[in-house]
Amino acid sequence: MSRRDDVNVAEMVREAALCAMNDAGIGPSQIDAVVIGSAPEIFEGVNSPENWVGPAVGAGGKPVMRIHTGGTVGASTGVAAFYHVAGGVFDTVLAVSYEKLSDGVAQYGLSACYDPLWDRDFACGAPALVGLQSNLYLSRYPGVNEEHAAMVAVKNRRNALNNPHAQLRREVTVRDVLDSAPIATPIKLLDCCPTSDGAAAMVIAEDRTARRLCPRPAWFAGVGTCSESPYVPHVDMAYPESCVRAAQQAYQMAWVYEPLRDLDVAEVYEAFSFQELIWSETLGLCSPGGGGRLVESGATAMDGELPVNPSGGVLSANPIGATAMIRQVEAAMQVMGRAGDRQVPGARKALAHAWGGAIQFSVVTIFADEV
Amino acid sequence: MDLKEPRLVFLEANNSCPYRWSTGEIVGSFLTALRDHGKLLASKCPACYRVACPPASYCEECGAAATELVEVGPTGVVVSSAGVEEPWAGAPLDVPFCYVLIRLAGADTSLLHLAPNDGSVHPGSTVRPELRPERNGSITDIKWFVAAGEVERGGP
């Protein structure tokens, strides 16, 4: 995850796909179907990636399906591959997702995603949208302030030092964050994710195959997805219902009753630091308005009760189409005990969260070390 | 020519293409009323009575067809804002501005629009639209929303 001038899109996706297949000890011939996810084509300016990415991962002659749900697409792609297998139709499925933001202009692409009848002319991009979300949140809960968001940035940017795949790996202080350049109040430069090139891939197999391929697989223990209004002002951005519902579905399926206690690690989609405060509330890690106290208490630090974003999170790399799958991959690696320097000792249940499509879509996936 | 020597090449393009978006009848009525009369319309759901602005021919809350239009605003209350100090190339205005969510008087939903970034508008402020003299039937026929004077406070 960084700027990859040395490869084109298909080559970059191939790299991730081969990495996942090598890890599983299989080749393309043992894959029964491929699910490909990418964000809007306008980011790269190249249409219909499903036409040509398949053969690049060795999936010529296989069933290929493309998934597309804004920023959540990476997670939706993993979930779709899970449905392929859980539905009993396919045995072994490859899920791949990518984004190569350096090929285009990220904020232009994001602004172009808005409805041309209502808000595209405002060139709102992502920082202004999340600025509105953050101010709505701050004004609702006077106990939370910009310093709490800065604490998220400090924590996640420090965690990124342990992640060789992170794009930004530099420690910052609360003061650095608060003093960084204003982007769209209350968002400042160091509250923001970078634009990245990157791809992610997972091999998802049915029970017996998974046990044969891997001594300690990560199991899909819970899955929840939900969507609401496509028009931003119609969503309660300070407490999006889609996230609350997606989490409830996943928790019910994975037997999670008290998320802070029952989960061992979480990877959440904080494209901007304020969002980790909001998601920690909608995911039920704390009560509404408790996000600031949660990060301040150290509960979400690497040595806390529930480490959040050991990878450094989205603040440390954001190849949009792949980002939500990276959360799943990181969560899965945690319960497989293979997260390297960012491993949370003894992690058995891990949550991956994603938001996308102008705060319209939410996906929550829970991985466990046993079914 | 050494075929083994790696070379990186970048192909450059700047695509643009004209589009012509159908608005549908409900949105078309909204844009016409804004252009010709400077009025703001909302759709009212016959089933759950939700008044939505921007309007739509369906109710996002309960799914019913919503074809009745009612007038809302022109004043509204700012629900949230995000200020921009230095507009970038391609920004909607070339002076400092705020993105704002506005709950128009009589509506149950908020509208995304712009406001001055001079301290006059913040969450809780009552604002009114500043219409452009030349209007072409788009949401940008409203330049932005400015603080409403004391006299106008409280809506129509």
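Below is a summary of the structure that appears in this document.

Considerations on the overall build of chain B
- Tallying secondary structure elements over chain B gives 1 helix and 8 strands in all.
- When its helices and strands are written in sequence order, chain B yields α-β-β-β-β-β-β-β-β.
- By the compact-globule yardstick of 15 Å for 156 residues, chain B is too spread out, its C-alpha radius of gyration being 21 Å.
- Based on the C-alpha atoms only, the size of chain B along its principal axes is roughly 75 × 40 × 30 Å.
- For chain B, buried positions account for 40% of its 156 residues.
- Expressed as a percentage of contacts within chain B between residues at least 6 apart in sequence, the contacts between residues at least 24 apart total 52%.
- Of the accessible surface of chain B, which amounts to about 9,100 Å², a share of 50% is contributed by carbon and sulfur atoms.
- The centroid of the 13 positive side-chain charges in chain B is displaced by 3 Å from the centroid of its 19 negative side-chain charges.

A short note on unusual backbone geometry
- With an omega of 5°, the peptide bond between T185 of chain A and P186 of chain A qualifies as cis.
- Along the polypeptide, P186 of chain A turns up in the loop between β4 (182–184) and β5 (187–188).
- Look at the link from C53 of chain B to P54 of chain B: it is a cis peptide, with omega at 10°.
- Relative to the assigned elements, P54 of chain B resides in the loop between β2 (51–52) and β3 (68–72).
- One non-glycine residue, N309 of chain A, lies in positive phi territory at about 60°.
- Positionally, N309 of chain A belongs in the loop between α12 (291–296) and α13 (320–335).
- Taking relative accessible area as the criterion, N309 of chain A reaches 0% and is therefore assigned buried.

Observations regarding the interface of chain A and chain B
- In this assembly, 27 residues from chain A lie in contact with 34 residues from chain B.
- Between chain A and chain B lies a buried interface of about 2,600 Å² when both sides are counted; carbon and sulfur atoms form 70% of it.
- Remark: the boundary between chain A and chain B carries 0 salt bridges.
- Counting every contact that joins chain A to chain B gives 9 residue pairs in polar contact (both at pLDDT 80 or more).
- The set of elements that each furnish at least two residues to the side of chain A that touches chain B consists of α5 (127–140) and β4 of chain A.
- No other element matches α5 of chain A, which puts 5 residues into the side of chain A that touches chain B.
- In terms of residue class, the side of chain A that touches chain B is made up of 16 nonpolar, 6 polar and 5 charged.

Things to note about the packing of α5 of chain A against helix α11 (residues 273–282) of chain A
Residue and element names in this part refer to chain A.
- Here α5 crosses α11 at 60°, and the two axes come no closer than 10 Å. Considering their axes alone, α5 and α11 lie oblique with respect to each other. Judged by the twist between their axes, the crossing of α5 over α11 is left-handed. On α11, the residues that touch V130, Q133, S134, Y137 and L138 of α5 are F274, Q275, L277, I278, W279 and E281.
- For the contact of α5 with α11, the class distribution of residues is 7 nonpolar, 3 polar and 1 charged.

Examining the environment of A123 of chain A
- Structurally, A123 of chain A can be placed in the loop between α4 (106–112) and α5.
- When its relative accessible area of 13% is taken as the criterion, A123 of chain A is described as buried.
- For the pair A123 of chain A and D176 of chain A, spaced 53 residues apart in sequence, the C-alpha separation works out to 28 Å.
- Residues contacting A123 of chain A, with those up to four places away along its chain left out, are S111 of chain A together with W88, G90, P92 and Y99 of chain B.

Focus on the packing of aromatic side chains
- All chains considered together, the criterion is met by 10 aromatic pairs over all chains.
- With 6.2 Å between their ring centres and 55° between their planes, W88 of chain B and F97 of chain B make a pair best called tilted.
- These aromatic residues form a ring-pair network of at least three members: F82, Y83, F220 and F367 of chain A.

What to know about the pattern of salt bridges
Residue and element names in this part refer to chain A.
- This structure, assessed with the given rule, holds 26 salt bridges over all chains.
- Of the charged contacts in the structure, one is a salt bridge between D6 and R4, with a shortest N-O distance of 2.8 Å.
- For D6, a relative accessible area of 45% gives the class partly exposed.
- For R348, the salt bridge is made with E370, and the minimal N-O distance between the two is 3.2 Å. Note that R348 is positioned in the loop between α13 and β9 (349–356) and E370 in the segment after β10 (361–368), a separation of 22 residues in sequence.
- One connected set of salt bridges, linked through shared partners, spans R4, D6 and E15.

A few points about the state of the cysteines
All names here are of chain B.
- Under the counting rule described, the total for this entry stands at 0 disulfides over all chains.
- This cysteine, C48, is not joined by any disulfide, and C59 carries the nearest cysteine sulfur, 3.7 Å off.
- Exposure remark for C48: the relative accessible area of 33% places this residue in the partly exposed category.
- As a non-bridged cysteine, C53 has C59 as the owner of its nearest cysteine sulfur, 14 Å distant.

As for the environment of A149 of chain A
- Within the secondary structure, A149 of chain A sits in helix α6 (residues 146–159).
- The spatial distance from the C-alpha of A149 of chain A to the C-alpha of Q248 of chain A is 25 Å, given a sequence separation of 99 residues.

So, the sheet that holds strand β2 (residues 64–67) of chain A
All names here are of chain A.
- With respect to topology, 4 strands assemble into an open sheet ordered β2-β1-β3-β6, the strand pairing being mixed. Strands at the two margins of the open sheet, each flanked by one partner only, are β2 and β6 (197–205). Pairs of neighbouring strands in the sheet enclose a mean axial angle of 20°, with direction left out of account.
- Pairing of strand β3 (residues 92–100) with β6, which is carried by 9 bridges, proceeds in the antiparallel orientation.

Notes on the sheet that holds β3 of chain B
All names here are of chain B.
- The 3 strands are arranged β2-β1-β3 in an open sheet whose pairing can be described as antiparallel. Of all strands in the sheet, those with a lone pairing partner are β2 and β3, marking the two edges.
- The strands touched by helix α1 (residues 25–37) are β1 (40–44) and β3; relative to β1, the strand with the most contacts, the crossing angle is about 155°.

With respect to the side chain of S273 of chain A
All names here are of chain A.
- Topologically, S273 is positioned in helix α11.
- At 2.6 Å, the side chain of S273 and the side chain of D191 are in polar contact.
- Beyond its immediate stretch of four places on either side in the chain, S273 contacts A149, V152, A153, D191 and L315.

What counts, and at which threshold
- For every chain, the first residue of its written sequence is number 1, and the numbers climb from 1 along that sequence.
- Chain letters and ligand numbers both follow the written order, the letters beginning at A and the numbers at 1.
- Given that the model is predicted, a residue must reach a pLDDT of at least 70 before its local features are reported, and side-chain atom pairs must reach 80 or more before they are shown or counted; all residues, however, enter totals for whole chains, interfaces and linings.
- Excluded from the side-chain calculations are hydrogens and water; all other atoms, namely the structure's heavy atoms, are used.
- Runs of E in the DSSP output that reach at least two residues are strands. Runs of H or I that reach at least four are helices, and both are numbered from the N terminus.
- Atoms counted for the radius of gyration: C-alpha only. Globule rule: 2.2 Å times the number of residues to the power 0.38.
- Three exposure classes are used, based on accessible area relative to the maximum for each residue type with a 1.4 Å probe and protein chains only: buried under 20%, partly exposed in between, and exposed over 50%.
- Throughout, a contact is declared for two residues whenever any of their heavy atoms are within 4.5 Å.
- To measure how exposed things are, a 1.4 Å probe is used in the Shrake-Rupley method; for residues, cover is taken only from the protein chains shown.
- Think of it this way: Lys and Arg go in the positive column, Asp and Glu in the negative one, and His and the chain ends go nowhere.
- Positions of charges follow a simple convention, taking NZ of Lys, CZ of Arg, CG of Asp or CD of Glu.
- Once two parts are brought into contact, the accessible area they lose, counted with a 1.4 Å probe and summed over both, makes up the buried area.
- Put simply, a salt bridge is a Lys or Arg side-chain nitrogen that is within 4 Å of an Asp or Glu carboxyl oxygen.
- Whenever a nitrogen or oxygen atom comes within 3.5 Å of another N or O atom, the pair is scored as a polar contact, on the condition that within protein one atom can donate a hydrogen and the other can accept it, and that pairs from neighbouring residues in sequence are kept only if both atoms are in side chains.
- Each residue is assigned to one class: nonpolar for Ala, Val, Leu, Ile, Met, Phe, Trp, Tyr, Cys and Pro, charged for Asp, Glu, Lys and Arg, and polar for all the others, Gly among them.
- Working convention: axes come from line fits to C-alpha atoms, limited for helices to the stretch in contact. Angles between N-to-C directions cover 0 to 180 degrees.
- In what follows, roughly perpendicular refers to angles from 65 to 115 degrees, roughly parallel to angles under 35, roughly antiparallel to angles over 145, and oblique to any angle outside these ranges.
- In this scheme the handedness of a crossing depends on how the near helix is turned from the far one: anticlockwise by less than a right angle means left-handed, clockwise means right-handed.
- Note on ring pairs: Phe, Tyr and Trp rings are taken, using the six-membered ring of Trp, and paired if centres are within 6.5 Å. Classes follow the plane angle, with under 30 degrees stacked, over 60 edge-to-face and the rest tilted.
- Cysteine sulfur atoms are paired as a disulfide whenever they fall within 2.5 Å.
- Paired strands, in this sense, are two strands between which DSSP finds at least two bridges.

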